[in-house]
Amino acid sequence: MLDFNFSPFPVVETERLILDEVNDGDVKEVFELRSNPETMKYIPRPLVKDYEDAMEHIKMIKEKIENNTGINWAIRLKDNSKLLGIIGFYRLQPENYRAEIGYIILPEFQGKGLVPEAVTRLIKFGFEDLRLHSIEAVIDPENYASEKVLQKCGFTKEAHLREAEFYEGKFLDKVIYSLLER
């Protein structure tokens, strides 16, 4: 079984990006991400209503890192410290050597290849540093942009679960993609 330890926090880089710790100074951007119905369209979680909610989200991110139960990185351009998005490993399954990857990015930075760049780097981190055997992604079947990112990064569609989650009075489908270490 794997034993995760995210201390010290692992900062990782790509050609254009630095993936580092989400901090209290990112509250404005976290609010922008998590309060925007468009960015949250395919994420069945409540919208944050104010900066206090955004700070609670940051606090939750920090707690998961401290408890080694999940890890999120801020996505930033190397030449600008503004948080553009968040990417991380959720639902860690140390007993199965598996984790779920997820990401969200501000609308003005979508379609620029930043998410595939960050995902590709975290695949490497997941397999080499965390010693995962598999990485999964769970998406809304209508989230074609995310599906395209996953396919570009080598993920394979594993399942389409019909009405598998109940959220805000509706049953939602979800699609599972995965990537095995090879």
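See the structure printed just above.
Description of the structure in this document. (Residues numbered from 1 in each chain as written. Predicted model: local features only at pLDDT ≥ 70, side-chain atom pairs only at ≥ 80, totals over all residues. Heavy atoms only, no water.)

**A look at the packing of helix α1 (residues 27-35) against helix α2 (residues 51-66)**
In plain terms, the rule: Every angle, taken between N-to-C directions, lies between 0 and 180 degrees, and every axis is a line fitted to C-alpha atoms, over only the stretch in contact when it is a helix. Strands are runs of DSSP state E lasting at least 2 residues, helices are runs of H or I lasting at least 4, and numbering of each runs from the N terminus. What sets the label is the angle itself: under 35 degrees gives roughly parallel, over 145 gives roughly antiparallel, 65 to 115 gives roughly perpendicular, and the rest give oblique. Here, two residues are considered to be in contact whenever any of their heavy atoms come within 4.5 Å of each other. Amino acid classes used here: Ala, Val, Leu, Ile, Met, Phe, Trp, Tyr, Cys and Pro are nonpolar; Asp, Glu, Lys and Arg are charged; the rest, including Gly, are polar.
In the contact formed by α1 and α2, the axes pass within 9 Å of each other and the chain directions differ by 100°. As summarised for this structure, α1 and α2 are arranged roughly perpendicular, according to the angle between their axes. Residue-level inspection shows V27, K28, V30, F31 and R34 of α1 in contact with α2, the latter providing Y51, A54, M55, H57 and I58. Considered class by class, the residues forming the contact of α1 with α2 number seven nonpolar, one polar and two charged.

**Thoughts on the sheet that holds strand β3 (residues 71-77)**
As a reminder of what qualifies: Whether two strands pair depends on DSSP finding at least two bridges between them.
Taken in spatial order, the eight strands make up an open sheet running β1-β2-β3-β4-β5-β6-β8-β7, and their pairing is mixed. Both outer strands of the open sheet, β1 (12-13) and β7 (156-167), are each paired with one neighbouring strand and no more. Pairing of β7 with strand β8 (residues 170-180), which is carried by eight bridges, proceeds in the antiparallel orientation. The residue of β8 that forms the bridge with Y167 is K170.

**Digging into the pairing of strand β4 (residues 85-93)**
By the bridge criterion, five bridges tie β3 to β4 in an arrangement that is antiparallel. Each bridged residue has a counterpart across the sheet, and for W73 the counterpart in β4 is I87. Where β4 lies against strand β5 (residues 98-105), seven bridges are found, and the strand directions are antiparallel. Across the sheet, the residue bridging to F89 is I101, located in β5. Counting the residues that bridge the hairpin from β4 to β5 gives four residues, and of these Y97 lies at a positive phi of roughly 55°.

**Details of the pattern of salt bridges**
Which entries qualify depends on this criterion: The salt bridge definition used is simple: a Lys or Arg side-chain nitrogen within 4 Å of an Asp or Glu carboxyl oxygen. With a 1.4 Å probe rolled over the protein chains alone, any residue whose accessible area is under 20% of its type maximum counts as buried; one over 50% counts as exposed, and the rest are partly exposed.
All told, the structure shown has 13 salt bridges when counted by the stated rule. The salt bridge partner of K28 is E32, with a shortest N-O separation of 3.0 Å. Here K28 and its partner E32 are both found in helix α1, four residues apart, which amounts to about one turn of the helix. The exposure class of K28 is partly exposed, given its relative accessible area of 43%. The partly exposed category is assigned to E32, whose relative accessible area is 24%. A salt bridge links R91 to E100, with the shortest nitrogen-to-oxygen separation between them at 2.7 Å. Note on E100: relative accessible area 6%, which makes it buried. What you see here is one network of salt bridges that share partners, running through D20, D26 and R76.

**Considerations on the side chain of N143**
Selection criterion: For the purposes of these results, a polar contact is taken to be a pair of N or O atoms within 3.5 Å, where, inside protein, one atom must be able to donate a hydrogen and its partner to accept one; residues adjacent in sequence count only when each atom of the pair is a side-chain atom.
Following the sequence through the fold, N143 ends up in the loop between β6 (134-139) and α4 (144-152). Side-chain polar atoms of N143 contact the backbone nitrogen of S146, separated by 3.1 Å.

**A closer look at α4**
Spelled out, the test is: This arc corresponds to the set of directions leading from the helix axis out to the C-beta atoms.
Buried within α4 we find S146, E147, V149 and L150. Angular distribution of buried residues about the axis of α4 spans 160°; they occupy a single face of the element. Away from its buried face, by an angle of more than 90 degrees, α4 presents the exposed residues Y144, A145, K148 and K152. Considering only its buried residues, α4 is in contact with β5, α3 (114-129), β6 and β8.

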